[in-house]
Amino acid sequence: MAERSVLVTGGTGGLGGAVTSTFLAAGWRVVVPERGARPGSEPAPDGLVRLTADLADPAGAARAVETAAGDPSAPLRAVVNLVGGYASGGLVHETPVDEFERMLTTNLRPTYLVTQAALPHLVAAGGGGVVCVSARAAVAPFPGAAGYVTAKAAVLAFANAVAVEYRSRNVRCNTVLPSVIDTPANRAAQPDADHSRWVAPAEIASVIHFLASAESAPTSGATVPVYGRA
């Protein structure tokens, strides 16, 4: 039986699948919210709990956290914030404010709401780890994606704020910064790229698992590049 739980948002995506598998293999109870039930989905393996929740809605985020914290024998000890998205556009003067704000809603709002709801449970459990996913673009911007760049920088700033506020309560918060993740969707979008230079989801998942686990207890407020060779 699992002795600790982790909430993995975005757990069905290209990176999320690898993260979920890594935590399950390590013996965690893994709770994965989904925006809607997947038609014909197979029964969840042992240790995996699925639920339907809109994480951009405060009530949905709270419901996901309550499920993750709902097993007294496996208290919530970690949160992994993977939900996000990318959209490119023109230069800043060409980008409508609605498109700019959509990137903030997609990348920052679920991270904030889920972390906000989870922090009291992590404190009550004696501590734990929060891992957020930003992007290399947050520290090395490129043109044509101001909304995405700003949103990922905001995720990084938020994670650092959590690290400072909850350090004395034994809750750590760290951030990973991927470059280009080697997923089928990214390969389809960039078929001519050198995919061997991209970082594999399983490689990032190992780093995330370490940051969420007690093995990284002295580490909080870290910004960890996971670039591969890209």
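Our structure is the block above this text.
What comes next is a walk through the structure. For clarity, every value in this text was computed on a predicted model and none was experimentally measured. (Residues numbered from 1 in each chain as written. Predicted model: local features only at pLDDT ≥ 70, side-chain atom pairs only at ≥ 80, totals over all residues. Heavy atoms only, no water.)

**What about the overall build of the protein chain?**
Logical step 1: Tallying secondary structure elements over the protein chain gives seven helices and seven strands in all.
Logical step 2: Helices and strands appear in the protein chain in the N-to-C order β-α-β-β-α-β-α-α-β-α-β-α-α-β.
Logical step 3: For the protein chain, the C-alpha radius of gyration of 17 Å lies close to 17 Å, the compact-globule estimate for 230 residues.
Logical step 4: Across its three principal directions, the C-alpha atoms of the protein chain cover 50 × 40 × 35 Å.
Logical step 5: Expressed as a percentage of the 230 residues in the protein chain, the buried residues total 41%.
Logical step 6: Contacts in the protein chain between residues far apart in sequence, at least 24 positions, make up 68% of those at least 6 positions apart.
Logical step 7: Carbon and sulfur atoms make up 55% of the accessible area of the protein chain, which amounts to about 10,800 Å² in all.
Logical step 8: When the 17 basic and 18 acidic side-chain charges of the protein chain are each reduced to a single mean position, those positions are 5 Å apart. (Helix = DSSP H or I, 4+ residues; strand = E, 2+ residues; numbered from the N terminus. Rg over C-alpha atoms; globule rule 2.2 N^0.38 Å. Buried < 20%, exposed > 50% of the residue type's maximum accessible area, 1.4 Å probe, protein only. Contact = heavy atoms within 4.5 Å. Areas by Shrake-Rupley, 256 points an atom, 1.4 Å probe, with all protein chains shown as cover. Lys, Arg positive; Asp, Glu negative; His and termini not counted. Charge placed at Lys NZ, Arg CZ, Asp CG, Glu CD.)

**Things to note about the sheet that holds strand β5 (residues 128–133)**
Logical step 1: Strands sit in the order β3-β2-β1-β4-β5-β6-β7 across an open sheet of seven strands; the sheet is parallel. Sheet topology places β3 (48–52) and β7 (223–226) at the edges, where each strand pairs with a single neighbour. Averaged over all neighbouring strand pairs, the angle between strand axes comes to 20°, with direction disregarded.
Logical step 2: As paired strands, strand β2 (residues 29–34) and β3 are joined by five bridges and run parallel to one another. Paired with Val30 across the bridge in β3 is Leu48.
Logical step 3: Strands in contact with helix α4 (residues 109–124) are β1 (5–9), β4 (76–81), β5 and β6 (171–178); relative to β4, the strand with the most contacts, it is inclined by about 165°. (Pairing = 2+ DSSP bridges. Axes fitted to C-alpha atoms, helices over the stretch in contact; angles between N-to-C directions.)

**Comments concerning α4**
Logical step 1: Look at α4: 24 Å from first C-alpha to last across 16 residues, which is about the 22 Å you get at 1.5 Å a residue.
Logical step 2: The largest bend in α4 amounts to roughly 35° and is located at Ala118, with the proline Pro120 lying one to four residues further along.
Logical step 3: Every buried residue of α4 is listed here: Pro110, Thr111, Leu113, Val114, Thr115, Ala118, Leu119 and Leu122.
Logical step 4: Just downstream of α4, Gly126 is the residue with a positive phi angle, here 100°. (Expected span 1.5 Å × (residues − 1). Bend = angle between axes of the 7 residues up to and from the residue.)

**Remarks on the side chain of His209**
Logical step 1: Turning to its location among the elements, His209 is positioned in helix α7 (residues 201–212).
Logical step 2: A relative accessible area of 17% means that His209 is categorised as buried.
Logical step 3: Not counting residues within four places of it along the chain, the set of residues in contact with His209 comprises Thr22, Phe23, Ala26 and Trp28.

**Remarks on the side chain of Arg29**
Logical step 1: Take Arg29: it is sitting in strand β2.
Logical step 2: There is a polar contact of 2.9 Å between the side chain of Arg29 and the backbone oxygen of Ala68. (Polar contact = N/O pair within 3.5 Å; in protein donor to acceptor, adjacent residues only side chain to side chain.)

**Looking at the nonpolar core**
Logical step 1: Within the largest apolar cluster, 26 residues are counted, with the highest numbers of intra-cluster contacts made by Leu7, Leu76, Val79, Val114, Val130 and Cys173.
Logical step 2: Counting residues per element, the ones that place at least two in this core are α2 (58–68), β4, α4, β5, α5 (146–166) and β6.
Logical step 3: Top contributing element to this core by residue count: α5, with six residues.
Logical step 4: In this structure, Trp28, Val30, Ile204 and Leu211 belong to the second largest nonpolar core, which totals 24 residues. (Core = buried A, V, L, I, M, F, W, Y, C linked by side-chain atoms within 4.5 Å.)

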